[in-house]
Amino acid sequence: MSENDKNKKSGYDLMQDTQYLLLGLDDAESESFDLQEILAEFGSEGSLPSKQSEPEQTDEKPCRDESEPEDHPKIIAFPGAAPVEESAEEEETIVLSDMGGEEADFSPEELFRVEHEEAHPVDYSELVDLPVIREEPVEETAEPRPLTMEDIVASTVDAVKAENERDQSEQRRRIEKERKRREKRRREPRVNAPLPESREEKPLKELIGFHKRRYLNCRMRLLFAVPVLLGLWIVWLMAENGTVIPFFSESAGNAAVCVLAAQALLCVICAPLFAAAVEELKERCCTFYTYTALVNLVTLLDEITMLVLPGRSAAAPLGGVAGCALVFSLWGLKNYHGGMWETFRTAAMGRPSSVVDCCSAGIAKGVGSSEDFVKRANMESTASQWQRLFLPLLSAASMVFALVSSVGQLRSHDFLWCWSLILCASCSLVCPLSYCVPFGSIARRLSRSGAAVAGQYGAAALYTASALVVTDLDLFPHTAVALNGIKLYGEKRERAISYAATLAVQGGGCLGQEFESLCQAERLPYEPLEHFHIHEDGGLSGMIRGETVLVGTPVFMRHKAVRLPASFPFKTAVCLAVDGELTAIFSVKYTAHPPVETAMRALSRNGLSLVLASRDGNITPKLLKNRFGTDGKATRPESTEYLSLSDPMREGGAPNGVLYREGLLPYVELAALSRRLCQLVRVGNLISLFGASVGALLAFYLSFVGTMAVLTPTMILTFLLLWVVPMLPLLFGVDRI
């Protein structure tokens, strides 16, 4: 019988034993072998088996024999050692003579009969540290668990939560981007001269009388100056076209006399302009009034030298061009005094209903006084600042150019003509149109609306923001909001109205006024209120007689975990909840007011947007879109500024603008026309300064080369009027929103 058959009969599996040895697993069926047991067993016999001769190395694995007793120890070779073959016939023993009951020191080679190889010693520490390979139990594939309704609901809730988180993060990112954009666009007013700290201003009534007299005087003189200027130019153009005019067409001297007389008459009529030039010289500054006065004085001297100086060239006098600059300057002076008169007359009406200034959210209204308003209105405009810096340099340059063109070309007798030519060509007619004329029109329009802006200084401060902070009363006045009905849920009508009115009146706004009127009509008292709080989403909360009362929109009620009906009876409603239970729903109707509708349409045309600081949660951009056809690009303010901006008693800032009428239309007019004024000043400054520079250089070149045929009064006036053409469309609608 073979050895395998014996193993099968005895129940011993050779392959399984080999697999256990390779994997480092213990065989539960086999006996465990220990060194102590082996030593104890051999020690009892008194000897150990001696070393046998080296057995032949075979590929067979050691196996257990049937005839081998169970208590006989089995020798297991270490990995890497030569295989040991057991012999049932011969056994050598090792005598433990000096054990003395203690463990003897035996080398592993002697103990397990492994041949010692000096060339290749076995490192047992490495054998001990070898990783043990264990067979992982194979898990049986379980059957898939059926999908239950709880799993579907849980996955749906998780998906909705993830989507809401994405929407909220996107909204926060959009709000942060908008806030950074506003901060980037926000600029400080570019006014060079700061407000004087201690300066005694004239009384407001005295200023009103002063500007009124100047305005009426300039308007009367302008009515006389325009016909004189038109008569001079009509005669001149007729003579140029070949029409024979008595005395005028007889000689160049006669024409010079006529031009001299007409220009002298214009200077007399426009005496307020020369008075303004003298005042500027006293303050050591030079603006367009001083420059125009210089142009007329030099031109008059040139016309006189044409009559008395025989060596002067036969070039035509330029009195008509200088007279045209004189009339344009008088027009600007008249509008400036008219605008200041209207502004101060509006500011003298008493304490304003609100002052307008800029905050971090945009242009905002607040409660304040008109103190320092006069000081701001009297500040120098941006156009005057640029003219004060540029025109003195241009005057000096014109004199140098005239010397080079006349004395440098050995024509010293033409010095005044060259100087008057360069001055007239550089006397831009756009200068009075850049600030004075539009300011008068804007101040007159604002005065009719019960508003006033503090001159260029106040307009520049309001121009730094493009958003208007509005409240619910601005969008929906008292007559535009009405309570249409009420639906009760187990509550008495009087108690529901009293509870809702107590919180709504304390919160203010249009709803507070409506509930106040309703309580007065039905003679209902207010309840004692404690722990009143205004929430960011337009809700109100407080304690009344130990009960927690909530008043707000359905969205606010859902945030407070108040259970609402599946279908709402009203589109725009205000809910009342007591101790977390819905008790009443009030129907609120919002009507578009015509002035507010006009103001909403004017916002987009003037590049303005809205910031909704409303305490009524129903007033949203969607409601504005439905009622007015546009939402005005409305946004909500930041949470840190919401309560302060929506406070009707908010303290206003600097009085850059004042309002004496409630409503959105005067507010929008003030902001829009201030922006229009600043834009017109910028364009006017650019055109006037560039046109003056080009005119001076061109006149210098033509006078230097001696091209007299081109330098006629008609050609110079045409050149100046071409620069006025771009300003006419802007001036035409400057006071319209």
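### Here we look at the packing of helix H9 (residues 271-282) against helix H10 (residues 288-308)
- Packing of H9 against H10 leaves a shortest axis separation of 8 Å and a crossing angle of 115°. The two elements H9 and H10 meet at a crossing, and its hand is left-handed. Residues Leu273, Phe274, Ala276, Ala277, Glu280 and Leu281 of H9 touch H10, and the partners they reach there are Tyr289, Thr290, Thr292, Ala293 and Asn296.
- Class assignment for the residues of the contact of H9 with H10 results in seven nonpolar, three polar and one charged.

### Structural notes on the nonpolar core
- Core analysis: the largest hydrophobic core is formed by 152 residues, its most contacted members being Leu475, Phe476 and Leu624.
- For this core, the element with the highest residue contribution is helix H25 (residues 664-705), accounting for 16 residues.
- The contact partners of Leu624, leaving out residues within four places of it in the chain, are Leu475, Phe476, Met600, Leu610, Leu612, Ile619, Gly629, Thr630, Asp631 and Ala634.
- Leu564, Ala573, Cys575 and Ala577 belong to the second-largest nonpolar core, a separate cluster that totals ten residues.

### Things to note about unusual backbone geometry
- Its identity is not glycine, yet Arg545 carries a phi of approximately 55°, on the positive side.
- Residue classification places Arg545 among the exposed residues on the basis of a relative accessible area of 60%.

### Quick look at the pairing of strand S1 (residues 354-358)
- With five of its five residues buried, S1 lies for the most part within the structure.
- Of the two faces of S1, the one holding Ser354, Val356 and Cys358 and the one holding Val355 and Asp357 are both buried throughout.
- Relative to strand S12 (residues 657-659), S1 runs antiparallel, the two sharing three bridges. Opposite Val356, over in S12, you have Gly657 as the bridge partner.
- Relative to strand S2 (residues 363-366), S1 runs antiparallel, the two being bridged by four bridges. Within S2, the position partnered with Val355 by the bridge is Gly366.
- Remark: four residues form the turn of the hairpin made by S1 and S2, two consecutive strands paired antiparallel; Gly362 in that turn has positive phi of roughly 145°.

### Focus on helix H7 (residues 204-240)
- Taking 1.5 Å of rise per residue, 37 residues should cover 54 Å, and H7 covers 52 Å from first to last C-alpha, within 8% of that figure.
- All buried positions along H7 are accounted for by Leu207, Ile208, His211, Tyr215, Cys218, Leu222, Ala225, Leu229, Leu232, Trp233 and Trp236.
- In the core, the buried residues of H7 are packed alongside helix H8 (252-269), H9, helix H11 (319-347), helix H12 (373-377) and helix H26 (713-724).
- One or two positions beyond H7, positive phi appears at Gly242, with a value near 100°.

### Section: the pattern of salt bridges
- Counted by the stated rule, this structure contains 13 salt bridges.
- The partner of Arg214 in a salt bridge is Glu279, and the shortest N-O contact between them spans 3.1 Å. Separated by 65 residues along the polypeptide, Arg214 in helix H7 and Glu279 in helix H9 bring together distant segments of the chain.

### Things to note about the packing of aromatic side chains
- Overall, the coordinates contain twelve aromatic pairs when judged by the stated rule.
- Measuring from centroid to centroid gives 5.6 Å for Phe476 and Phe628, while their planes differ by 35°, and the two rings are tilted. Of this pair, Phe476 sits in the loop between helix H18 (472-475) and strand S5 (481-488) while Phe628 sits in helix H23 (residues 621-628), and the two are 152 residues apart along the sequence.
- An aromatic cluster is defined as three or more aromatic residues linked by ring pairs; in this entry it consists of Phe401, Phe700 and Phe704.
- Of note, Lys365 hangs over the ring of Tyr667, and the distance from its end group to the ring centre comes to 5.0 Å.

### What to know about the environment of Phe568
- Considering the arrangement of structural elements, one finds Phe568 in the loop between helix H21 (554-559) and strand S9 (573-578).
- For Phe568, a relative accessible area of 26% gives the class partly exposed.
- In this structure, the C-alpha to C-alpha distance between Phe568 and Ile585, residues 17 residues apart in sequence, is 9.1 Å.
- Apart from the residues lying within four places of it in its own chain, the contact partners of Phe568 are Pro554, Ala573, Cys575 and Ile585.

The rules behind each value
Residues numbered from 1 in each chain as written. Predicted model: local features only at pLDDT ≥ 70, side-chain atom pairs only at ≥ 80, totals over all residues. Heavy atoms only, no water. Axes fitted to C-alpha atoms, helices over the stretch in contact; angles between N-to-C directions. Helix = DSSP H or I, 4+ residues; strand = E, 2+ residues; numbered from the N terminus. Left-handed = near helix turned anticlockwise from the far one by under 90°. Contact = heavy atoms within 4.5 Å. Nonpolar A, V, L, I, M, F, W, Y, C, P; charged D, E, K, R; others polar. Core = buried A, V, L, I, M, F, W, Y, C linked by side-chain atoms within 4.5 Å. Buried < 20%, exposed > 50% of the residue type's maximum accessible area, 1.4 Å probe, protein only. Pairing = 2+ DSSP bridges. Expected span 1.5 Å × (residues − 1). Salt bridge = Lys/Arg side-chain N within 4 Å of Asp/Glu carboxyl O. Phe/Tyr/Trp six-rings, centres within 6.5 Å; stacked < 30°, edge-to-face > 60°. Lys NZ or Arg CZ within 6 Å of the ring centre and 35° of its normal.

Worth remembering: the numbers are spatial, not functional.
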